[in-house]
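Understanding the architecture of this molecule
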Amino acid sequence: MDGVDRIERTDGVDNRIGNGVENGGGIDRIDGIDGVGDTRRALGGFLRARRGRVTPEHVGLAGGRRRRVRGLRREELAQLAGISVDYYVRLEQGRATQPSPEVLDALAAALGLDTAERSHLATLAGARRDPAPTARVSPLLQRVLDAMALPRALDSARTGETPMPAFATDHRLDVVAWNSLGAELIGGLADPARRDRNNARYLFLDPASRVVHPEWEDRASEAVGQLRVAAGRYPDDAELAALITELSTHSAEFRRIWATGEIVMCAAGRKRLRHPVAGLLTLDFETLHVPAAPGETGLVVHVFSAEEGSQEAVALARLATAPPTTEPGHDRAQLG
């Protein structure tokens, strides 16, 4: 046993990717939900999760069969980043605070972090504790959303005037605004008694989400990535911490994805979903940010559209002029 192996197991930090510890039918301890409400622990948890995803061979180191840790050892990451093992251990344990930009850049490079992950690392390493934004849906924003879904003629797909479903979420992934077509595709938003309006809770606690989302794993990773970023930015948000605790308690899938340190920020691309009447739709999406105030994240508007002349464009045009769907279970349909 070498000294690093001993440090890995005796410094009081659990390196396992946890799925919760069952005790008498309930979960007694939640592993893998590191540092929610505590940026120092969050920094250590994020570093630990990310080094667990880097194989030694990927960075030119010898692997071997007798390794007792997943991914890189602390000693190996410290060497790659050009810092001492002791300092890196203190970072993971939350005993070293506010590392320099140079140290963060070196760690990010060694771990192969992308732009979003580097930004998250810097947020966790900073001393700033921003209050959670209190973004409100302005009449102007609602007017814009409504205009996107104005019914048009059924041949609108040929004229480039396809209506667009849209909805807005806050940093906790609560759906706070939508237009009529967005409500039709998302389902049940106009009636708060019909469904919960939190996208993450829907994805991880409602089995219907897997039917609606053919790429459920991608949607789930996006949700976890966004909640992780929000938890880093707003560590004092009690409602956000309660949501993450709830999901980690009741969903092994949530714990699994959280433990990977996933940071997936959806910006633009394509998503597929199943609608009970229109069938399987492949829609383009774009996310637009509406600041609550200067420097705050505010709301994220998710806008969906279809390529001119496509079957999806025709389907959206028909849905925009049709009565709302009342098929059982459609109130659980989701886009985001």
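Just so it is clear, the model here is predicted, and its values are computed rather than measured.

1. A look at the overall build of the chain
- The helix and strand tally for the chain stands at 14 helices and 7 strands.
- Every one of the 336 residues in the chain was classed for burial, and the buried ones make up 49%.
- The contacts in the chain between residues at least 6 apart in sequence include a share of 63% that link residues at least 24 apart.
- Accessible surface for the chain amounts to roughly 16000 Å². Of this, 50% is attributable to carbon and sulfur atoms.

2. A look at the pairing of strand E5 (residues 268-275)
- Across 8 bridges, E5 lies against strand E6 (residues 279-290) in antiparallel orientation. Within E6, the position partnered with alanine 268 by the bridge is glutamate 286.
- Counting the residues between successive antiparallel strands, the hairpin from E5 to E6 contains 3 residues.

3. Description of unusual backbone geometry
- The phi angle at leucine 173 is positive, at roughly 70°, despite the residue not being glycine.
- Structurally, leucine 173 is set in the loop between strand E3 (166-169) and strand E4 (175-178).
- The class of leucine 173 is buried, set by a relative accessible area of 5%.

4. Looking at the environment of tyrosine 87
- Among the secondary structure elements, tyrosine 87 is positioned in helix H4 (residues 85-92).
- Excluding residues within four positions of it along the chain, tyrosine 87 makes contact with Ala96, Pro99 and Val103.

5. A look at the packing of aromatic side chains
- Summed over the entire model, instances satisfying the criterion amount to 5 aromatic pairs.
- Summarising the aromatic geometry, the rings of phenylalanine 167 and phenylalanine 304 are spaced 6.2 Å apart at their centres and angled 15° between planes, so their arrangement reads as stacked. Of this pair, phenylalanine 167 sits in strand E3 while phenylalanine 304 is found in strand E7 (residues 299-305), placing the two residues 137 residues apart along the sequence. An identical accessibility class is assigned to phenylalanine 167 and phenylalanine 304; each is buried.

6. Let's talk about helix H7 (residues 139-148)
- Every buried residue of H7 is listed here: Leu141, Leu145 and Met148. The arc enclosing the buried residues of H7, seen along the axis, measures out at 60°, which places them on a common side. Of the residues in H7, the exposed ones pointing more than 90 degrees away from the buried face are Pro139, Leu140 and Arg143.
- Packed against the buried residues of H7 are E3, E4, E6 and E7.

7. Concerning the pairing of E3
- The alternating pattern of E3 places Ala166 and Ala168 on one face and Phe167 and Thr169 on the opposite face, and all of these are buried.
- Taken together, the 3 bridges between E3 and E4 define a ladder with antiparallel strand orientation. Considered in E4, the bridge of alanine 168 is made with alanine 177.
- Adjacent in sequence and paired antiparallel, E3 and E4 are bridged by 5 residues, among which leucine 173 carries a positive phi angle near 70°.

8. Description of the packing of helix H2 (residues 39-51) against helix H6 (residues 115-125)
- Contact pair H2 / H6: the axes reach a minimum separation of 8 Å and the direction vectors enclose 145°. Here the hand of the crossing between H2 and H6 comes out left-handed. Between H2, through Thr39, Ala42, Leu43, Phe46, Leu47 and Arg50, and H6, the contact on the second element is made entirely by Glu117, His120, Leu121, Leu124 and Ala125.
- The residue inventory of the contact of H2 with H6, partitioned by class, reads 7 nonpolar, 2 polar and 2 charged.

9. Things to note about the nonpolar core
- By size, the foremost hydrophobic cluster in this structure holds 40 residues, and its most contacted members are Leu185, Phe204, Leu227, Leu247, Phe254, Trp258 and Leu283.
- If you list the elements that add at least two residues to this core, you get E4, helix H8 (180-186), helix H9 (199-205), helix H11 (216-233), helix H12 (238-250), helix H13 (252-259), E6 and helix H14 (311-321).
- Top element by residues in this core is H11. It accounts for 7 residues.

Each value, and the rule that gives it
Residues numbered from 1 in each chain as written. Predicted model: local features only at pLDDT ≥ 70, side-chain atom pairs only at ≥ 80, totals over all residues. Heavy atoms only, no water. Helix = DSSP H or I, 4+ residues; strand = E, 2+ residues; numbered from the N terminus. Buried < 20%, exposed > 50% of the residue type's maximum accessible area, 1.4 Å probe, protein only. Contact = heavy atoms within 4.5 Å. Areas by Shrake-Rupley, 256 points an atom, 1.4 Å probe, with all protein chains shown as cover. Pairing = 2+ DSSP bridges. Phe/Tyr/Trp six-rings, centres within 6.5 Å; stacked < 30°, edge-to-face > 60°. Arc of directions from axis to C-beta. Axes fitted to C-alpha atoms, helices over the stretch in contact; angles between N-to-C directions. Left-handed = near helix turned anticlockwise from the far one by under 90°. Nonpolar A, V, L, I, M, F, W, Y, C, P; charged D, E, K, R; others polar. Core = buried A, V, L, I, M, F, W, Y, C linked by side-chain atoms within 4.5 Å.

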